[in-house]
Amino acid sequence: MTKLSDQQIKFYNEKGYIAPIDVLSIKEANEIREEIETIEKKWPNALEGLGRNYVHMISTVFNNVCLNNKILDAVESIIGKNILICGTTLFIKNANEKGFVSFHQDAKYIGLEPHNWVTAWIAVTNSNEENGCMRMWPGSHKEDLKNHEQKFDENNLLTRGQTIANVPIDETEPIVLKAGQMSLHHPTVIHGSGLNRSNDRRIGFVVQSYIGSNVDQVLGKIYVQKARGEDTNKFHEYSNVPKGLMVKDDIIVWNKAKDELSKIFYSGATKKGKY
Ligand SMILES: O=C(O)CCC(=O)C(=O)O
């Protein structure tokens, strides 16, 4: 077992995140990148917009990462032994593009209640200050949900460009990860990320999120997969384990799941963004 140590759990409880945690080898991280780049080549646009979500449903490579025991051991230390995978997202910042993530709290628009869930951000490439790694505002998870302005900026990688104003950058901490490491963050910690100023892509494969079996989706319908333990509440529909890469039957479920997810993302919004 590679559970978090008492010290790591204490850090998470105090700061709202913990990193870095070694979970994949460089070879495994590179396999994820190759899978992404294979999809981009063979099925251009498939991973764009809403397509960056639920990718574990159409690829055994992504699905196996979600079931990685080192990741699950760490996640179990935070949310307990009954763990479901309720979503995945690729956060890709290409070199020479202007992508950024405004400061926000994940719990604001996601509809997962109670907050017995945690997000695993798995570095497929190195992620550092030069290429726009995440920045966390330590301790901010202890406060209530903040007002978010919905800005819908073109280069914001968030659905609505949801933005918390006046976050003091010098109080935020960069989450520097090597390819194969991950961070875990709390549903209400305030975080964001800046531009990629490097010559290569910055890629995060994000399990968004691992939820305890006691967590419901109060805004709509999600498709889950069991990661560990028992589904004690059976709140959600299940997706199949993918049969390969972009297999027809899996794509049908993927499309259905993405449509439902979009309804959740834009619940109550006046318009839709590109994700
Ligand atoms: O990839 C990023 O820079 C931000 C991702 C994020 O906001 C999240 O995983 O909750």
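In the block above lies the structure referred to throughout.
Residues numbered from 1 in each chain as written. Predicted model: local features only at pLDDT ≥ 70, side-chain atom pairs only at ≥ 80, totals over all residues. Heavy atoms only, no water.

(A) Inspection of the state of the cysteines at higher detail. Enumeration over the complete set of coordinates arrives at 0 disulfides. Free of any disulfide, Cys86 has its nearest neighbouring cysteine sulfur in Cys66, separated by 11 Å. With relative accessibility at 4%, the residue Cys86 sits in the buried group. (Disulfide = S-S within 2.5 Å. Buried < 20%, exposed > 50% of the residue type's maximum accessible area, 1.4 Å probe, protein only.)

(B) Layout of the side chain of Asn131. The residue Asn131 is located in the loop between strand 6 (117–123) and strand 7 (134–136) in this model. Classification of Asn131 as buried rests on a relative accessible area of 6%. (Helix = DSSP H or I, 4+ residues; strand = E, 2+ residues; numbered from the N terminus.)

(C) Fine view of the site of the ligand. Around the ligand there are 13 residues in total, and His104, Trp121, His191, Ser193 and Arg202 lie nearest to it. In this structure, an oxygen atom belonging to the ligand sits 2.8 Å away from a side-chain N or O atom of Arg202. Starting from 290 Å² of accessible surface for the ligand in isolation, the protein chains cover 100%. Elements with a minimum of two residues in the shell around the ligand: strand 3 (88–93), strand 4 (101–104), strand 12 (191–193) and strand 13 (202–212). Grouping the amino acids of the shell around the ligand by side-chain chemistry returns 5 nonpolar, 5 polar and 3 charged. (Near = heavy atom within 4 Å. Polar contact = N/O pair within 3.5 Å; in protein donor to acceptor, adjacent residues only side chain to side chain. Areas by Shrake-Rupley, 256 points an atom, 1.4 Å probe, with all protein chains shown as cover. Nonpolar A, V, L, I, M, F, W, Y, C, P; charged D, E, K, R; others polar.)

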